[in-house]
Amino acid sequence: MATPSESRHGMWSSRWLFILAAAGSAVGLGNIWKFPYIAGDNGGGAFVLIYLVCVAAIGVPIMIGETLMGRYGRESPINSMRKLIAVSNAGSYWSAIGWLGVLAGFFILSYYAVIAGWALNYVQLMARGEMVAITAESAQQVLSDFHASPLQMVFWQTLFMVLTVWIVSGGVSKGIERAVKWFMPLLFILLLILLGYAVTSGGFAQGVDFMIGFDWSKVTVDGWLIAMGQAFFTLSLGMGAIMAYGAYLPSDAKISSTVFMIAGLDTAVAILAGLAIFPIVFANGLEPAQGPGLMFVTVPLAFGQMGAGILFGALFFILVSFAAITSAISLLEPALAYLVEEYNAKRSRVAISLGVICWLLGLGSVFSFNIWSDVHVLGDKTVFDFVDYVSQNIMLPLGGLLIALFVGYALPKELVFEQLGLKEGLAASLWMLSIKVIAPAGVLIVFVKTIYDTVMG
Ligand code: TRP
C-alpha cells in the first residue's frame, strides 16, 4: 500500500513547526505543575535521575515509534492503525492502540482542564494584586478557598475548554501552529525570569541540592513506577497524540533528531521549573512534598515579593495556561481527526461536541475538591485521583507497551527503516533493542506492579 505524502487534515509548514507543536504538546502542566511536586513527594534528586533514565531509555524510543507510525499512516491514530495493520498483516486486535488512546485522551483532558482552570484563575488573582506580599499561610488559604467553590472552579474549567476547542477548531496551520509559534518561546523566557528570581531568593543552594542531591535510599519501586508514568505523560506518549501530530510531518523530515529535540526541550522545561520552584519553597520554609498545590502556593509567593510581581506573576500564569492549551489541543486531536475522517464532519462542530463531553466528565474532578470530596472510587481515591491514576498509570503505559511491541515485532522492518532513514548500524541496533526489549520489559514490570497494587489494595 502506498503511503500518501500529505494528510487530509493539513501539514506542518516545516519540521520546526512540528517540533514546536510536539513540544507544545509535551510541555504542559506535566512539566511545570506536576514534575516539581512529584519530585518533591518522592525524594528529589534520586527521583529526577530515574525519571531521566525513563525518558532516555523508554520515552524517546517510543516517541520515535509513535511518530513514524503517524507519518506512515497520515490519518487519525485509529485509521492510521488500520493501514499499519493491513500493511503488516497483523491481527486486528492491534487497533486497540487507537481506541485506547482516544479514551485516554478524554480522561486526561477532563481533569487537565480543571487544573489549567486554576492557572487561569491565578492570572487574574496575580494581576489584581491579590497576592502582593502575601505570606505562605495566606497563599495556601487562597488556594483552599478557591477549591471550596465549585462555581468558581467550573467557571475557569469552562473557560479553558472553550479556548481549547476554539484553537483546535482552527485546524493544523490556522489553529495549532499559530498558537505554538508564540506561546512556546514566551514560555521559555518567562521561566528563565522566574529562575533568575529563584537564584536570588536565598534558597537556591538548597533547592539545587534537593533536585540534584542524590540518595539511593530514596529510590523506591514506587518511585520507578511514578517516574515511568511521568515520562509517558510529559512526553505525551501512549495515547496517539504524537501519532496524530506525526501524520502532519513532512516526508523529508528526519524523525530521530526531531524527537531528540522535542524530548530535550521537554526535559529542560521540567528541570528548569523544578529549579525555579524549590528554592522558593526552601527560602520560605515550605514543605517540598505538598502535592498538587505546590506551584499555586510557591509561585504567587515569589512574585508577590518582586518589584514588578503583578506583571510577571500574571504573565507566568498566562504562560502556564498557554502551555496547558497547547497540550490540551493534542489530547483532543486524535478523536477529532478520527470523527472528521469517519463522518466527513466539520472540524469545528466535532471539536465542540468533544469539548462538551470532556467538560461534563471534568465536573467529576471539579467536585472532587469540594462537594464530592468524600466520594471515593477504588480505595480512597476521589474522582479526580481516580481519573488521573487510571489514565496515567494504566492507560498510557498500556498504550506505550502496545506501541513498542507493534513497532518492534509487527511492522515490517523495511517500512520502519525507510521512515526513519535508518541503516543497519549501532544506532539502529540500540533503538531496536530499546523498542523490542527494554521499553516493553520496563513498562511491563511497572505495569504488573501497578495492577498488583491496585488489586491488592
Ligand atoms: N504532555 C502534557 C504535559 O506534560 C500532557 C499531554 C498532552 C499528554 N498530550 C498528551 C499526556 C497525551 C499524555 C498523552 O502536561
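Predicted, not measured: the structure shown is a model, and the values here were computed from it.

### Describing the overall build of the protein
Moving on, step 1. For the protein, the helix and strand inventory stands at 18 helices and zero strands.
Moving on, step 2. Taking 2.2 N^0.38 as the reference for a compact globule, 457 residues should give roughly 23 Å; the C-alpha atoms of the protein span a radius of gyration of 21 Å, in line with that estimate.
Moving on, step 3. Based on the C-alpha atoms only, the size of the protein along its principal axes is roughly 65 × 50 × 45 Å.
Moving on, step 4. For the protein, the proportion of its 457 residues judged to be buried stands at 61%.
Moving on, step 5. Sequence-distant contacts in the protein: of pairs separated by 6 or more residues, those separated by 24 or more amount to 83%.
Moving on, step 6. In the structure as shown, the protein presents an accessible area of about 17,000 Å², 67% of it carried by carbon and sulfur atoms.

### Side note on the pattern of salt bridges
Moving on, step 1. Under the counting rule described, the total for this entry stands at six salt bridges.
Moving on, step 2. For R82, the salt bridge identified is with E342, shortest N-O distance 3.9 Å. Here R82, found in helix α4 (residues 77–88), pairs with E342, found in helix α14 (residues 309–343); they are 260 residues apart in sequence, far enough to count as distant.
Moving on, step 3. Judged by its relative accessible area of 34%, E342 falls in the partly exposed class.

### Some points on the site of the ligand
Moving on, step 1. The local shell around the ligand holds 18 residues, among which A26, G30, Y112, F233 and S236 are the closest.
Moving on, step 2. Side-chain polar atom of N31 to an oxygen atom of the ligand: 3.4 Å apart, as the coordinates give it.
Moving on, step 3. Residue Y112 places a side-chain N or O atom 2.5 Å away from an oxygen atom belonging to the ligand.
Moving on, step 4. Protein coverage of the free-state accessible area of the ligand, which is 370 Å², stands at 100%.
Moving on, step 5. For the shell around the ligand, the secondary-structure elements that each account for two or more residues are α1 (15–26), α2 (29–41), α5 (96–127), α10 (221–234) and α14.

### Description of unusual backbone geometry
Moving on, step 1. Its identity is not glycine, yet R74 carries a phi of approximately 60 degrees, on the positive side.
Moving on, step 2. Structurally, R74 is set in the loop between α3 (45–73) and α4.
Moving on, step 3. The backbone of S236 shows a phi angle near 60 degrees, a positive value even though the residue is not glycine.
Moving on, step 4. The residue S236 is located in the loop between α10 and α11 (241–246) in this model.

### Considering the packing of aromatic side chains
Moving on, step 1. Enumeration according to the criterion identifies 22 aromatic pairs in this entry.
Moving on, step 2. Centre to centre, the rings of F296 and F317 are 6.0 Å apart; their planes meet at 20 degrees, and the pair counts as stacked. Highlighted residues: F296 in helix α13 (residues 294–304) and F317 in helix α14, separated in sequence by 21 residues. Accessibility assignment for this pair places F296 and F317 in one class, buried.
Moving on, step 3. Through pairs of rings, three or more aromatic residues link up here, namely Y111, W118, Y122, F296, F303, F316, F317, F369 and F384.
Moving on, step 4. Across from the ring centre of W16, 5.6 Å away, lies the NZ or CZ of R15, which sits over that ring.
Moving on, step 5. Across from the ring centre of F233, 4.6 Å away, lies the NZ or CZ of K34, which sits over that ring.

### Thoughts on the environment of L294
Moving on, step 1. By secondary structure assignment, the location of L294 is in helix α13.
Moving on, step 2. Looking at L294, the relative accessible area reads 1%, which means it is buried.
Moving on, step 3. Taking the C-alpha atoms as reference points, L294 and F278, 16 residues apart in sequence, are found 9.4 Å from one another.
Moving on, step 4. Those residues in contact with L294 that sit more than four places away from it in its chain are P36, Y37, I277, F278, V281, E287 and P288.

### A word on the side chain of S110
Moving on, step 1. Considering the arrangement of structural elements, one finds S110 in helix α5.
Moving on, step 2. Overall, the relative accessible area of 1% leaves S110 in the buried class.
Moving on, step 3. Among the polar contacts made by the side chain of S110, one reaches the main-chain carbonyl oxygen of F107 at a distance of 2.7 Å.
Moving on, step 4. Discounting chain neighbours no more than four positions away, the residues touching S110 are C358, L361, G362 and V387.

### Focus on the packing of α2 against α10
Moving on, step 1. Following both chains from N to C, one finds α2 and α10 inclined at 175 degrees, their axes separated by 11 Å at the closest point. Classified by the angle their axes make, α2 and α10 are roughly antiparallel. In this structure, α2 uses G30, N31, K34, F35 and I38 to contact α10, whose residues at the interface are I226, Q230, F233 and T234.
Moving on, step 2. Split into classes, the residues belonging to the contact of α2 with α10 amount to four nonpolar, four polar and one charged.

### Some words on the packing of α2 against α3
Moving on, step 1. Where α2 meets α3, the closest approach of the two axes is 7 Å, and the angle between their N-to-C directions is 125 degrees. Classified by the angle their axes make, α2 and α3 are oblique. For the element pair α2 and α3, the recorded crossing hand is right-handed. Side by side, α2 and α3 meet where F35, I38 and A39 of the first sit next to F47, V48 and Y51 of the second.
Moving on, step 2. Considered class by class, the residues forming the contact of α2 with α3 number six nonpolar, no polar and no charged.

Cut-offs used in this document
- Residues numbered from 1 in each chain as written.
- Predicted model: local features only at pLDDT ≥ 70, side-chain atom pairs only at ≥ 80, totals over all residues.
- Heavy atoms only, no water.
- Helix = DSSP H or I, 4+ residues; strand = E, 2+ residues; numbered from the N terminus.
- Rg over C-alpha atoms; globule rule 2.2 N^0.38 Å.
- Buried < 20%, exposed > 50% of the residue type's maximum accessible area, 1.4 Å probe, protein only.
- Contact = heavy atoms within 4.5 Å.
- Areas by Shrake-Rupley, 256 points an atom, 1.4 Å probe, with all protein chains shown as cover.
- Salt bridge = Lys/Arg side-chain N within 4 Å of Asp/Glu carboxyl O.
- Near = heavy atom within 4 Å.
- Polar contact = N/O pair within 3.5 Å; in protein donor to acceptor, adjacent residues only side chain to side chain.
- Phe/Tyr/Trp six-rings, centres within 6.5 Å; stacked < 30°, edge-to-face > 60°.
- Lys NZ or Arg CZ within 6 Å of the ring centre and 35° of its normal.
- Axes fitted to C-alpha atoms, helices over the stretch in contact; angles between N-to-C directions.
- Parallel < 35°, antiparallel > 145°, perpendicular 65-115°, else oblique.
- Nonpolar A, V, L, I, M, F, W, Y, C, P; charged D, E, K, R; others polar.
- Left-handed = near helix turned anticlockwise from the far one by under 90°.

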